[in-house]
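Listed below, chain by chain, are the residues.
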Amino acid sequence: MLNPKIYHRSELASILQHLKTDGQTVVTTNGCFDVLHLGHLRYLQAARQLGDLLVVGVNSDSSVRQLKGENRPLVPEAERAEMLAGLECVDYVVIFPELTPIDLLSELKPSIHVKGGDYKLEQLIEREVVEANGGKVVVGLNVPGKSTTNLIEVICERYRDTDAANTP
């Protein structure tokens, strides 16, 4: 990957440690980000507003398959990372192989960790590690009705209808 915003975990942890020492508020979020859409963009923009910089942890291809099923991801991890790095609101991107962001957050030690969707604070297993390192967790930044799953369903439905209409 030849993008100056995409880093390996250990290198990024060192950068963030210096930035936090300089008084910057580091915001993190994580997810699959398979098929980037408007919901992702608005969520990331809102997350970025909570601090001085935004770090996005991207699930690796193998972890997405374990979380979402064998048909996912639709977009390879390097491409998903590059798409996210291309967004103005994203300052750093890191790919992580685990099913949860606990190890990543333990190393990065964000000031604020953000989760969207329908998550409740008490449901987040990463909450403990974020708070143990002096950070806080913010939940609920989301755009209702905008999800990768919904988008895939719309695409499948429309193509199924198109295929049926074109069948002699």
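Residues numbered from 1 in each chain as written. Predicted model: local features only at pLDDT ≥ 70, side-chain atom pairs only at ≥ 80, totals over all residues. Heavy atoms only, no water.

Caption draft 1: Representation of the overall build of the chain in the model. Assigned secondary structure in the chain consists of 7 helices and 5 strands. Sequence-distant contacts, at least 24 apart, represent 76% of the contacts inside the chain between residues at least 6 apart. A total of about 9,400 Å² of accessible surface is found on the chain, and carbon and sulfur atoms cover 50% of it. (Helix = DSSP H or I, 4+ residues; strand = E, 2+ residues; numbered from the N terminus. Contact = heavy atoms within 4.5 Å. Areas by Shrake-Rupley, 256 points an atom, 1.4 Å probe, with all protein chains shown as cover.)

Caption draft 2: Inspection of the nonpolar core at higher detail. Among the nonpolar cores identified, the biggest contains 18 residues, and Leu44, Leu54, Val56, Leu84, Val90 and Val93 are the most heavily contacted of them. Of all elements in the fold, only helix H2 (38-48), strand E2 (53-59), helix H4 (77-85) and strand E4 (112-115) reach the threshold of two or more residues within this core. Those residues within four positions of Leu44 in sequence are excluded, and the remaining contacts are Thr29, Phe33, Leu54, Val56, Leu84, Leu87, Cys89 and Val90. Counting 12 residues, the second-largest nonpolar core is a separate cluster that includes Ala13, Leu16, Leu19 and Val94. (Core = buried A, V, L, I, M, F, W, Y, C linked by side-chain atoms within 4.5 Å. Buried < 20%, exposed > 50% of the residue type's maximum accessible area, 1.4 Å probe, protein only.)

Caption draft 3: Structural view of the pairing of E4. What you see with E4 is no split at all: Ile112 and Val114 on one side and His113 and Lys115 on the other are buried throughout. Alignment of strand E1 (residues 26-31) against E4, held across 3 bridges, turns out to be parallel. Each bridged residue has a counterpart across the sheet, and for Val27 the counterpart in E4 is Ile112. Sheet analysis places E4 next to strand E5 (residues 136-139), joined by 4 bridges and oriented parallel. Across the sheet, the residue bridging to His113 is Val137, located in E5. (Pairing = 2+ DSSP bridges.)

Caption draft 4: Just the pattern of salt bridges, in detail. Applying the stated criterion across every chain, the model contains 5 salt bridges. Close ionic contact of Arg127 with Glu131 constitutes a salt bridge, the shortest N to O distance being 3.0 Å. Linking Arg127 with Glu131, this pair stays in helix H6 (residues 127-132), spanning 4 residues, or about one helical turn. For Arg127, a relative accessible area of 28% corresponds to the partly exposed category. On the accessibility criterion, Glu131 (38% relative accessible area) is partly exposed. (Salt bridge = Lys/Arg side-chain N within 4 Å of Asp/Glu carboxyl O.)

Caption draft 5: Just H4, in detail. When H4 is considered as a whole, its buried residues turn out to be Arg80, Ala81, Leu84 and Ala85. Buried residues of H4 fall within an arc of 135° about the axis and therefore sit on the same side. Where H4 is buried, its residues touch H2, E2, helix H3 (61-68) and strand E3 (92-96). (Arc of directions from axis to C-beta.)

Caption draft 6: Representation of the sheet that holds E2. In spatial order, the strands read E3-E2-E1-E4-E5; together these 5 strands make up an open sheet with parallel pairing. Both edges of this open sheet fall to E3 and E5, since each of them pairs with a single strand only. On average, adjacent strands in this sheet sit at an angle of 25° to one another, irrespective of strand direction. Two elements, E1 and E2, share 6 bridges in a ladder whose sense is parallel. Opposite Thr29, over in E2, you have Val56 as the bridge partner. (Axes fitted to C-alpha atoms, helices over the stretch in contact; angles between N-to-C directions.)

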